[in-house]
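Inside the fold
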Amino acid sequence: MVSPASTTRPRTTRKLLSALAITTAALLTAAATPVAAAQEPVWRMGEPPLTTPWTAQVSPDNALPEYPRPQLTREKWQNLNGTWEFAAAEAGEAPPFGRSLGERVLVPYPIESALSGIQRHEDRMWYRRTFTVPPDWRIHHGRALKLHFGAVDYDAVVWVNGKRVATHRGGYGAFSADITDALRPRGEQEIVVGVEDRTDATWQPVGKQRLVPDRGIFYEGASGIWQTVWMEPVPTAHVVELDMVPDIDTSTLGMTVRTGGNAAGLRAEVVVRDGRRVVGRAVGAADRPMEVPVPNAKLWSPESPFLYDIDVVLRDRGRPVDRVSSYVGMREIGTATGADGKLRMTLNGEILFHMSTLDQGYWPDGIYTAPTDEALRFDLEQHKRLGFNTVRKHIKTEPDRWYYHADRLGLLVWQDMPSMRTGAGRPPVEAQRQFEAELHELVEEKKDWTSIIGWVPFNEGWGEWSREATGRIADEIARQDPTRLVNAHSGVNCCDSLGDSGKGDVIDWHQYVGPAAPQPEGDRVSMDGEHGGFGLEVEGHMWFGEGHAYEMTPDKATLTRRYVENQRDVLTAAQRCGISGAVYTQITDVEHEVNGFFTYDRRVEKMDFARVRAINEEIVRTADGRTAPPAPDPGTPGLGGVHRYEFEGTGPTAVDSAGSADAALTNAERVPGVQGGGLSFRGDGQADTGAALIDTAGSYSVSAWVRLDEAAGGFQTVVSQDSGSHSAFFLQYSGADQRWAMSFAGLRALSPDKPEPGRWYHLTGVRDAASGTLSLFVDGQRVAQQSACLAGESSGSTVIGRGQYGGQPVDFLRGDVDDVRIFDRALSDEEVAAVAARG
């Protein structure tokens, strides 16, 4: 397949050539043939590189016809989705009032999508349509007309009959307008919408959208109207929002009925029903908090997603002036300490592991917008089928009906804020303020969905501008919505991150293929925010005709096996390290990424779903902190080590003075050491012990004196142990950081200062399995420590003078070493100091 951009340009060229040919023919035959009347433009679906099972169901008469706002319903409403007029626009261009536009677009599909019928990007655009108001709505007779937009990307201005009625900035927030005063007395009414969306050419929040997709993790843009447009009649005084806060401890529902129009002095009656049976009732002042009793509440959970129905009547001196319906799930999110002493996430007071996928919400036919409501529901239903109880809605938001389906199905949702662009430095102050405004709009609009249990303002440092600001924002979200958890920074260990702010309720790491295993700390739980990403190409079902993943597999059986193996590691991380959740990448393929359970078109199941469900359910069932991990072996006492290389003597072998693993020398020279003999390497040598001297899954310590010839951009390893792939650990000089380091692949405990060439340093790396830490000591002082709960086993040789990466020898030392010691336990700070003092 080719990219959508490639399919669009040739088609546009063909249209242009055809138009030129028709024009030429008309000029040649004008004298003999009457000129035909111009054809009225019609909507035609584009040609998506892939179709879904629902693509063919989309038509102007069937463009997402469902009621778009399930948490605040009224009987009378009218959907304005369908065919609209469309035209590209120029900056400063006057609105096209009263004149037809040259193209037809299907709303609410973004213009880059095939379903829109446009299938190209425009920085600026016009939408236009007409409508009539049903006479029985009796607008102006004590009733007003509200026009609603689910989302328009990015800057929108709306006119009705030439009068500007609304402006909105932000591609993910809903907005409404009272258009009563703009209406003509009768007949057709005109809507014109002007949109500007420059995507990642600006600092606007865009999530994964790019003007030029990268065949990587960034995708097609999605401009213009991309969620339902609709209108409804409302009383002059009416309900605009229901703030709902369940309290399962008191079996009450906190409720504030927020109103618009002239609602002063009105009262609200709230009724909570279990089916037809009324279980709670309360009456109070509108726009003021009240408590509605819900005795013996049935609690909402993934196993039992029970929802209560709610009826609200707004009254003026007893007379009903507005009625709305809604629903709520009684549930509570929190944290508690497990039997193993680790803090974990809870649902309704019980520890529950969040078994999640990364759900990006992209479609090959609709890009940002699912083709049908059935399609929108499909991905969530498959989560339940696969044994997941949680969804991370990644760098995107969804229409209200997506959250409605999550509520009904019983799925927990971590809601990301769509990020600003990456790779262009840190955002300017004006962009920072706009990001925060849109973030708080998101929380305000979505804080009543039962399924949403946590907010994620930042991902991997994308668009982050300071660690202090990230912490402040996390605190502000917690004040705005104190009923949910705040994950200040998913993937705080990764990429563009400025480091841990220490704020929020969650410590979240990413690791591919992982899983990541950060440990709870203080009053913050921990979770793996992204891991996995195993890929499989399925011919005929790929956006580009080929794809990539973090680890490719050749067939369905191998992909399933690797998934199950990886999830076994998730279970180990949960039981030993205390992670409260894990997010697997991802539910479906997206464009060039082929690491989904489904292909991008949702037509092919890429794994054995029964085996996936079995391991996922096992994790949820047993990852609850019921038992503490076994204590590590205490190891051998003393400071001499279980193996020691002092490099005295001559010849091609370094004697192990504490054990029996003499090391074979290659391209190494005997030189004076710190005390007695030493060993010198010139960037191509090693001392190979010929055996795995360290149980790398347990506790151990490695110390050495080292002197560098140079401290530049290359890595240099002092001691490591082969694993067949990457060294199980590296006591090293990190060229990327120009610091000393004790490292695992992808994790480094770094010294604060750059070493001086020609100077002897004493280095000690300590892996403590009991505390789950990796520490670096320089000259007897602890200078760095990282959480490193899990460490893989290795059976390769312990080696002095080089490392291993990708199965190849790498990072050769250019310098001298002396007195290398290996311990089968974690040394204390005092013991390290003693060894550094030639103990």
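The present account deals with the structure reproduced in this document. All figures in this text were calculated on a predicted structure; none of them were measured in a lab. (Residues numbered from 1 in each chain as written. Predicted model: local features only at pLDDT ≥ 70, side-chain atom pairs only at ≥ 80, totals over all residues. Heavy atoms only, no water.)

1. Section: the packing of aromatic side chains
- For the structure shown, the criterion picks out 36 aromatic pairs.
- Consider the rings of Phe-306 and Tyr-308, whose centres lie 4.8 Å apart with planes at 85 degrees: the pair is edge-to-face.
- Judged by its relative accessible area of 3%, Tyr-308 is buried.
- An aromatic cluster of three or more residues is present, and its members are Trp-54, Trp-363, Phe-378, Phe-388, Phe-534, Tyr-563, Tyr-584, Phe-597, Phe-598 and Phe-609.
- Above the face of the Phe-218 ring, Arg-210 is positioned so that its terminal group lies 3.9 Å from the ring centre.
- Here the guanidinium or amino end of Arg-602 rests over the ring plane of Trp-363, the centre of that ring lying 3.6 Å away. (Phe/Tyr/Trp six-rings, centres within 6.5 Å; stacked < 30°, edge-to-face > 60°. Buried < 20%, exposed > 50% of the residue type's maximum accessible area, 1.4 Å probe, protein only. Lys NZ or Arg CZ within 6 Å of the ring centre and 35° of its normal.)

2. A word on a negative patch on the surface
- A contiguous patch of negative charge, built from Asp-633, Asp-695, Glu-793 and Asp-824, is present on the exposed surface.
- If you trace the backbone, Asp-633 turns up in the loop between helix 7 (609–622) and strand 37 (643–645).
- When its relative accessible area of 59% is taken as the criterion, Asp-633 is described as exposed. (Patch = residues over 30% accessible without salt bridge, like charges linked within 9 Å, V, L, I, M, F, W, Y side chains within 5 Å. Areas by Shrake-Rupley, 256 points an atom, 1.4 Å probe, with all protein chains shown as cover. Salt bridge = Lys/Arg side-chain N within 4 Å of Asp/Glu carboxyl O. Lys, Arg positive; Asp, Glu negative; His and termini not counted. Charge placed at Lys NZ, Arg CZ, Asp CG, Glu CD. Helix = DSSP H or I, 4+ residues; strand = E, 2+ residues; numbered from the N terminus.)

3. So, the state of the cysteines
- According to the stated counting rule, one finds two disulfides in the structure shown.
- Between the sulfur atoms of Cys-577 and its disulfide partner Cys-789 the distance amounts to 1.8 Å. What sets the handedness of the Cys-577 and Cys-789 disulfide is the S-S torsion sign, and at about -95 degrees it is left-handed. On the criterion of sequence distance, the pair formed by Cys-577 in helix 6 (residues 556–577) and Cys-789 in the loop between strand 48 (781–787) and strand 49 (798–800) is long-range, its members being 212 residues apart. Pair check on accessibility: Cys-577 and Cys-789 agree, each one buried.
- In the protein, the bonded cysteines, taken in the order they occur along the sequence, pair up as 1-2, 3-4. (Disulfide = S-S within 2.5 Å.)

4. As for the nonpolar core
- Phe-353, Trp-414, Tyr-563, Phe-597, Met-607 and Ile-619 are the most contacted members of the largest nonpolar core, which totals 82 residues.
- Ignoring anything within four residues of it in the chain, the contact list for Tyr-563 reads Phe-388, Phe-534, Tyr-584, Phe-597, Met-607, Val-612, Ile-615 and Asn-616.
- With 44 residues, the next largest nonpolar core counts Ile-507, Ala-704, Leu-747 and Ala-784 among its residues. (Core = buried A, V, L, I, M, F, W, Y, C linked by side-chain atoms within 4.5 Å. Contact = heavy atoms within 4.5 Å.)

5. Side note on unusual backbone geometry
- The omega torsion across Val-107 and Pro-108 is 15 degrees, close enough to zero to call that bond cis.
- Summarising the element assignment, Pro-108 is placed in the loop between strand 3 (103–107) and strand 4 (124–131).
- Of note in the backbone geometry, Ile-395 takes a positive phi value of approximately 55 degrees without being a glycine.
- Turning to its location among the elements, Ile-395 is positioned in the loop between strand 26 (390–393) and helix 3 (400–409).

6. Regarding the packing of helix 6 against helix 7
- Across the interface, helix 6 lies against helix 7 with an axial gap of 10 Å and an inter-helix angle of 0 degrees. With respect to helix 7, the element helix 6 is oriented roughly parallel. Residues Thr-560, Arg-561, Tyr-563, Val-564, Gln-567, Arg-568, Val-570, Leu-571 and Gln-575 of helix 6 form the contact with helix 7, whose own contacting residues are Arg-611, Val-612, Ile-615, Asn-616, Glu-618, Ile-619 and Thr-622. (Axes fitted to C-alpha atoms, helices over the stretch in contact; angles between N-to-C directions. Parallel < 35°, antiparallel > 145°, perpendicular 65-115°, else oblique.)

7. Observations concerning the sheet that holds strand 9 (residues 175–178)
- Strand order across the open sheet formed by four strands is 1-14-5-9, with antiparallel pairing between neighbours. Two strands close off the open sheet at either side, each with one partner strand: strand 1 (78–79) and strand 9.
- Note that strand 5 (residues 143–149) and strand 14 (residues 229–235) share seven bridges and pair antiparallel. If you follow Ala-144 over to strand 14, its bridge partner there is Val-234. (Pairing = 2+ DSSP bridges.)

8. So, the packing of helix 2 (residues 373–385) against helix 3
- As a packed pair, helix 2 and helix 3 sit with axes 10 Å apart at the nearest point and diverge in direction by 35 degrees. The handedness of the crossing between helix 2 and helix 3 is right-handed. Contact residues: Asp-373, Leu-376, Arg-377, Leu-380, Glu-381 and Lys-384 in helix 2; Arg-401, Trp-402, His-405, Ala-406 and Leu-409 in helix 3.
- For the contact of helix 2 with helix 3, the per-class residue count stands at five nonpolar, one polar and five charged. (Left-handed = near helix turned anticlockwise from the far one by under 90°. Nonpolar A, V, L, I, M, F, W, Y, C, P; charged D, E, K, R; others polar.)

9. So, the pattern of salt bridges
- Per the counting criterion, the structure on display carries 59 salt bridges.
- Glu-617 is the partner of Arg-613 in a salt bridge, and the nearest nitrogen-oxygen pair spans 2.9 Å. Residue Arg-613 and its partner Glu-617 are both found in helix 7; the two are separated by four residues, about one turn of the helix.
- Relative accessible area serves as the criterion here: at 33%, Glu-617 is assigned to the partly exposed category.
- Asp-737 is the partner of Arg-748 in a salt bridge, and the nearest nitrogen-oxygen pair spans 2.7 Å. One end of the pair, Arg-748, is in strand 45 (residues 747–750); the other, Asp-737, is in the loop between strand 43 (730–734) and strand 44 (739–744), with 11 residues separating them in the sequence.
- Take Arg-748: its relative accessible area is 31%, and that puts it in the partly exposed class.

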